[in-house]
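So you can see what is in the structure, the chains are spelled out below.
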Amino acid sequence: MASQNFKILGVAAVLVIFVLGVPHTSSFVVLLATRAMVFAILAMSLDILLGFTGLASLGQAAYFGVGAYLTAILATKFHVGLGWDFWIVVILGMLIGAALAAFFGLFAIRATGVYFLMITLALGQCVWGLAYRWNSLTGGDNGINVTNRPNFGLDLTNEQTFFYLVFAFFAVSLILLYVLVQSPFGRSLAGIRERELRMQILGYNTWLHKYIAFVIAGAFGGLAGVLWAHTNGLVSPETVVLTTSVDALLMVVLGGAGTLVGGAIGSAIVFGLREYLSTLVPWWQYVLGGVYVLTILYLPMGLMGIPARIHQAQSPSDRTGKMAVTEKLAPEPS
Amino acid sequence: MDARFWLIQTFNGISYGALLFLVGSGLSLIFGVMRIVNLAHGSYFLLGGYVALSVIWATGSWLLAIPVAAATIAVLGLVMERVFLRPLGFDPLRQVLLTVGFAFLFQQAALDIWGGNNMDINPPEALTRSIVVAGIYLPLYRVFMIGMALATGTSLWLVMEKTRMGAAIRATVDDAQMARGVGIDTNRISMFIFALGAFLAALGGVIGGAFLGIFPGLDFEMLPLAFAVVIIGGMGSLGGAAIGALLVGLADNFGKALFPELSYFTLYAPMVLILAVKPTGLFGRD
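Conventions we followed
- Residues numbered from 1 in each chain as written.
- Chains lettered and ligands numbered in written order.
- Predicted model: local features only at pLDDT ≥ 70, side-chain atom pairs only at ≥ 80, totals over all residues.
- Helix = DSSP H or I, 4+ residues; strand = E, 2+ residues; numbered from the N terminus.
- Rg over C-alpha atoms; globule rule 2.2 N^0.38 Å.
- Buried ≥ 20, exposed ≤ 12 C-beta atoms within 10 Å, placed from the backbone.
- Contact = placed C-beta atoms within 7 Å.
- Expected span 1.5 Å × (residues − 1).
- pLDDT = per-residue confidence, 0-100.
- Nonpolar A, V, L, I, M, F, W, Y, C, P; charged D, E, K, R; others polar.
- Core = buried A, V, L, I, M, F, W, Y, C linked by C-beta atoms within 7 Å.
- Axes fitted to C-alpha atoms, helices over the stretch in contact; angles between N-to-C directions.
- Parallel < 35°, antiparallel > 145°, perpendicular 65-115°, else oblique.

Novice: Can you walk me through the overall build of chain A in this structure?
Specialist: Within chain A one finds 15 helices and four strands. Against the 2.2 N^0.38 benchmark of 20 Å for 334 residues, chain A shows a C-alpha radius of gyration of 20 Å, consistent with a compact globule. When the backbone C-alpha atoms are referred to their principal axes, chain A occupies close to 60 × 45 × 40 Å. Relative to its 334 residues, chain A shows a buried fraction of 50%. Of the contacts made within chain A by residues no fewer than 6 positions apart, 77% connect residues no fewer than 24 positions apart.

Spelled out as structure tokens, the structure:
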């Protein structure tokens, strides 16, 4: 498909400009971009569930949190993950995220619609509760300070080097997830999103498909967590709190669910507004809240949906295009 | 750990449950009638407390603060439902996200208007004393909280079971489409229920503010607890909310007293199990 190739080229061009341009700006922007990219990975992992499978999870911070806590605990208590073994921690982080998702999925995947939302919220709160109260392991409310960044030839204490590393993780995640959603498996997820019953009749084990998607999303959530521990330097219950899950969800919806890059755009906007605007004006949170409310009211397909909307306005006959992914959340309990 | 310990902890759990009932019953009604997961419900609790503070500063009357705060927040809820939520139609995800957007806006507004300090709502002198029952000191304020929850629960129950409005609400909970079919104005019911839910949450905020304090972040602290109440009890069921509130109140208290490291886990893990096994909650209707 020519237009598809065109889009890929466009995204690649933007990324190249981004990675070449950002390091030449101020160190503040580099820091901001690094943070935004970590959350972009989290948002993209959530997009696999929300945009491609039609599962609105309110607990994605749980996998982010276990990844971050794992990194922090290994680094501070066992001095693991500060040299070459950083790569082992990356793999462990993805595995622990996947393992937690595999466990949580047993409870959550059965539920549909609003009930899925609630059960993922409850699961996320379980992890938060442990992080908040299990003082001996997690440091409780104070959290854990991760003072040292890994150094394996590449010295990651240098913000620019770290930026390049996080960018590499971000780009690879984007490519992997893109390949995933384009694969036959990814197409079957889209089928489940559009109409699960039809897929069941066609002989697909939809539970298993959703479960696998849930586990994959958990793995990438864990990866984002590992990177966050080193980006932020502090892992606290704030990392796993409900609002982190909600933030990720809003990033996806803001950018456009079901597009992958939408999550990255949403993350960039949220971090831009939150951390850049907050240095300029005291009322930045109104802007953020207002952007959320307006997007949800007027742009159900997010910013990435704007071209389609313009296109639609020009050719009114073509109104039955891609439906908003949010439409198919069945209200009935299973 | 003698009998006294258990008695005091049970009493504390019940009185905390009474507060949770005020927050949870409103959330449960909103969910039952409209199937909306209202993530701004904690904000109503917090704003209720703040408005009450302002009323107390202005007039010095704690008694006046309770109805004024609750009514103010009820109007806020009504406007939110009428102007923003209704145009979305039935679309759970967008509704949830919209309520989150509002929760963030309310959070910032509260910070701007009332500042970031932890503040207390001081109840009248008469309620700050303790009474002695069988050698155990019981703070009168906690007894008052239980009384308030009982009174609220009873009046809600009377409205729901004995009035025409209540019958219409119950019909909407059971089957909104059928209710519309027999001529019930479900739009008006939704608006009323949303306002009522906000009213109850704000009431909880004023009453709870005296022993929890009122501070930024309280909104997202109360929200998951209110959800636990609703999920354990069953959505849309008043009796369920009462039992859910009692269970959560006790679980929270005993959890904190007996296994402090696992206290929140012991609260949310049962919530997960209930959702997995019976998504409509222990007492919810299918």
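Here the narrative resumes, following the displayed structure.
Novice: How do you make sense of the overall build of chain B when you look at a structure like this?
Specialist: Scanning chain B from terminus to terminus reveals eleven helices and two strands. Each helix (α) and strand (β) of chain B, taken in turn from the N terminus, gives the series α-α-α-α-β-β-α-α-α-α-α-α-α. Radius of gyration (C-alpha) of chain B: 19 Å, near the 19 Å computed for a compact globule of 286 residues. The principal-axis extents of the C-alpha atoms in chain B amount to approximately 60 × 45 × 35 Å. Put simply, chain B has 286 residues, and 52% of those count as buried. Contacts in chain B between residues at least 24 apart in sequence constitute 75% of all its contacts with a sequence separation of at least 6.

Novice: Please clarify how helix α12 (residues 242-255) of chain A should be interpreted in this entry.
Specialist: Since the α-helix turns once every 3.6 residues, residues separated by three or four places project in the same direction. Residues and elements named next belong to chain A. The terminal C-alpha atoms of α12 lie 20 Å apart, and with 14 residues this matches the ideal 20 Å at 1.5 Å per residue to within 8%. Buried residues dominate α12, accounting for 13 of its 14 residues. Where α12 ends, the next residue or the one after it, G256, has phi of about 130 degrees, a positive value.

Novice: Honestly, the confidence of the model for chain B in this entry has me stumped. Any pointers?
Specialist: The predicted coordinates of low-pLDDT regions are not to be read in fine detail. Residues and elements named next belong to chain B. When the pLDDT values of chain B are averaged, the result is 86; 98% of them are 70 or greater. Per-element mean pLDDT across chain B ranges from 78 in strand β1 (residues 130-133) up to 92 in helix α2 (residues 41-59). Here the complex is predicted with pTM 0.86, and the ipTM for its interfaces comes to 0.82.

Novice: Would you explain unusual backbone geometry in this entry?
Specialist: Leaving glycine out, the prevailing phi sign among residues is negative, and the prevailing peptide bond configuration is trans. All names here are of chain A. Although it is not a glycine, H79 adopts a positive phi angle of roughly 50 degrees. Secondary-structure assignment places H79 in the loop between α3 (61-77) and α4 (86-108). When the 11 C-beta atoms within 10 Å are taken as the criterion, H79 is described as exposed. For L260, which is not a glycine, the phi torsion comes out positive at approximately 60 degrees. Mapped onto the secondary structure, L260 falls in the loop between α12 and α13 (261-280).

Novice: Looking at this structure, I do not really get the interface of chain B and chain A. What am I missing?
Specialist: Interface size is often expressed as the accessible area that is lost when the parts come together. At the interface, 35 residues of chain B touch 41 residues of chain A. Counting residues per element, the side of chain B that touches chain A draws most heavily on helix α4 (residues 92-114) of chain B, at twelve residues. Within the side of chain B that touches chain A, the residues separate by chemical class into 27 nonpolar, four polar and four charged.

Novice: For this particular structure, what's the right way to read the nonpolar core?
Specialist: In globular proteins that are soluble, nonpolar side chains generally tend to be buried together. Counting 200 residues, the largest nonpolar core has A:M118, A:A122, B:I73 and B:A202 as the members making the most contacts within it. Excluding its chain neighbours within four sequence positions, the residues that come into contact with A:M118 are B:V37, B:F227, B:I231 and B:L275.

Novice: It is not clear to me how the packing of helix α7 (residues 159-182) of chain A against helix α10 (residues 206-232) of chain A should be interpreted in this structure. Could you clarify?
Specialist: How two helices sit against one another is set out by the angle between their axes and by the gap between those axes. All names here are of chain A. With their axes 12 Å apart at the nearest point, α7 and α10 run at an angle of 175 degrees to one another. Taken together, the axes of α7 and α10 are roughly antiparallel relative to one another. Listed contacts from α10 to V166, F169, S173 and L180 of α7 are I216, F220, L223, L227 and T231.

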